[in-house]
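# Structural overview
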Amino acid sequence: MDTIEKFNSHIMGTYGRYGVVFEKGEGRTAVDENGKEYIDFGSGIGVNSLGYCDKEWADAVCAQARAIQHTSNYYYTKVQADFAEKLSAITGYDKMFFGNSGAEANECAIKIARKYSFDKYGAEAKRYNIITLVNSFHGRTVTTLSATGQDVFHNYFFPFTEGFINVEANNIDDLRAKIDDSVCAVMFEFIQGEGGVNVLDKAFVDEIFRLCAEKDILTIADEVQTGAGRTGTFLASEQFGVKPDITTLAKGVAGGVPVGVCLADGKCADVLVKGTHGSTFGGNPLACAGGLAVANKVGSPEFLKEVREKSEYFRKKLMEIPEVEGVDGLGLMMGIRFKEKNAAEVCKACLDKGLLALTAKTKLRLLPPLNITYDEIDKGIEILGSVLI
Ligand SMILES: *Cc1c(COP(=O)(O)O)cnc(C)c1O
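Read on for a plain summary of the structure. (Residues numbered from 1 in each chain as written. Predicted model: local features only at pLDDT ≥ 70, side-chain atom pairs only at ≥ 80, totals over all residues. Heavy atoms only, no water.)

## Section: the nonpolar core
Counting residues in hydrophobic clusters, the biggest one holds 58 residues, and the most contacted among them are Phe83, Val253, Phe314, Leu318, Leu364, Leu366 and Leu384. Element by element, the count of residues in this core is highest for helix H10 (residues 285–298), at 8 residues. Beyond its immediate chain neighbours, meaning those up to four positions away, phenylalanine 83 contacts Phe98, Val253, Val259, Cys288, Gly291, Leu292 and Ala295. By size, the runner-up hydrophobic cluster in this structure holds 21 residues, among which are Ile179, Ile208, Ala221 and Val242. (Core = buried A, V, L, I, M, F, W, Y, C linked by side-chain atoms within 4.5 Å. Buried < 20%, exposed > 50% of the residue type's maximum accessible area, 1.4 Å probe, protein only. Helix = DSSP H or I, 4+ residues; strand = E, 2+ residues; numbered from the N terminus. Contact = heavy atoms within 4.5 Å.)

Written as structure tokens, this is what we have:
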């Protein structure tokens, strides 16, 4: 049996997959089982922030595997402490909880928000609603699906978790109308990723923070896709000039090992106390070793400056393609609008020609490794250009 046949006979068919079997990768190039090479403009959905098998990253993970790969959270490990200290220094958040995915990081954020209100205002206040935005994406667990503001996800799995109210992104009037005494948090992505690479307006973000400060409502930024250097600053919030009470990270934060982080600050840093939350794998030494290797590189101002410069170059080159109408997003999170072409068809044609890309709604979405070279940008854009003729 070949790999695809074997795969499909044993693995649930939850994804629409392309018929490619990847075997290895180096730098920004992935190689399939037939030896065909692909330039990577997708990073496995924003995960491989340092490309494939970065030397320091792989050395750190391998060394950790040979030292101690796991222990329970009843004990301490140095690598978890080091990773947390580094993330704290880069982001300015005092405290964090480690899980294994974006959905888990968001679950943690939701639990903090509800318990913060419960502790301070009591159960009778029923201050448990969380405002999320239309077209958002927050994960695949039942609660994070409930949080996700897209009806297409609210099917089959009834009953969903109660307590989420949707506000239209960038609609200040809608926000003002729905933010009442029942609300404990507002949760949002600065750039909606799965929702189509839509950047929030600064005025809308400012209004969220103004209203939340006034009403003691927590702000939760889901930076699972935008965080860890993707937008050219370590957190996208830096570019909006705000500091959310809670920020969640996952995808690229550990370069390809599963890590979800819920960062919390100030008044909500110590809401979760002994016995209120946990995870068997959360803070796993292997995962933390990968995360620390990413943070050591991506957290440096020089690296982030290069991400911004590459983004500028990338966008300029993309705009030279006549079929490209515009490029949305920030940094190396890009959503390309075409004049005529269909993004899904372009994505498939790129794959055939040796370029990995993604889509988000009607746009071609690019999330290249953050350490991509100018030469690789040129090569990939040449392939993209050739399918857009
Ligand atoms: C991918 C994503 C998630 C879900 O992350 P998982 O690791 O798949 O659970 C949540 N929020 C945003 C913004 C995402 O892009």
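The discussion continues.
## Some words on the site of the ligand
Neighbouring the ligand are the residues Ser101, Gly102, Ala103, Asn106, Phe137, His138, Gly139, Glu189, Asp222, Val224, Gln225 and Lys251. In the environment of the ligand, a nitrogen atom lies 3.2 Å from a nitrogen or oxygen atom belonging to the backbone of phenylalanine 137. Within the complex, the protein chains bury 81% of what would otherwise be the 390 Å² of accessible surface of the ligand. The greatest single-element share of the shell around the ligand, amounting to 3 residues, is contributed by helix H5 (residues 102–121). When its residues are assigned to classes, the shell around the ligand shows 3 nonpolar, 6 polar and 3 charged. (Near = heavy atom within 4 Å. Polar contact = N/O pair within 3.5 Å; in protein donor to acceptor, adjacent residues only side chain to side chain. Areas by Shrake-Rupley, 256 points an atom, 1.4 Å probe, with all protein chains shown as cover. Nonpolar A, V, L, I, M, F, W, Y, C, P; charged D, E, K, R; others polar.)

## A word on the pattern of salt bridges
All told, the structure shown has 24 salt bridges when counted by the stated rule. Salt-bridge contacts for arginine 210 lead to glutamate 207; the nearest nitrogen and oxygen are separated by 2.9 Å. Of this pair, arginine 210 and glutamate 207 both sit in helix H8 (residues 202–215), 3 residues apart, which is roughly one turn of the helix. For glutamate 207, a relative accessible area of 7% corresponds to the buried category. Measuring nitrogen to oxygen at the nearest pair gives 2.9 Å for the salt bridge that ties lysine 348 to aspartate 352. Separated by 4 residues within a single helix, lysine 348 and aspartate 352 lie in helix H12 (residues 343–352), roughly one turn from each other. Given the relative accessible area of 37%, lysine 348 is considered partly exposed. (Salt bridge = Lys/Arg side-chain N within 4 Å of Asp/Glu carboxyl O.)

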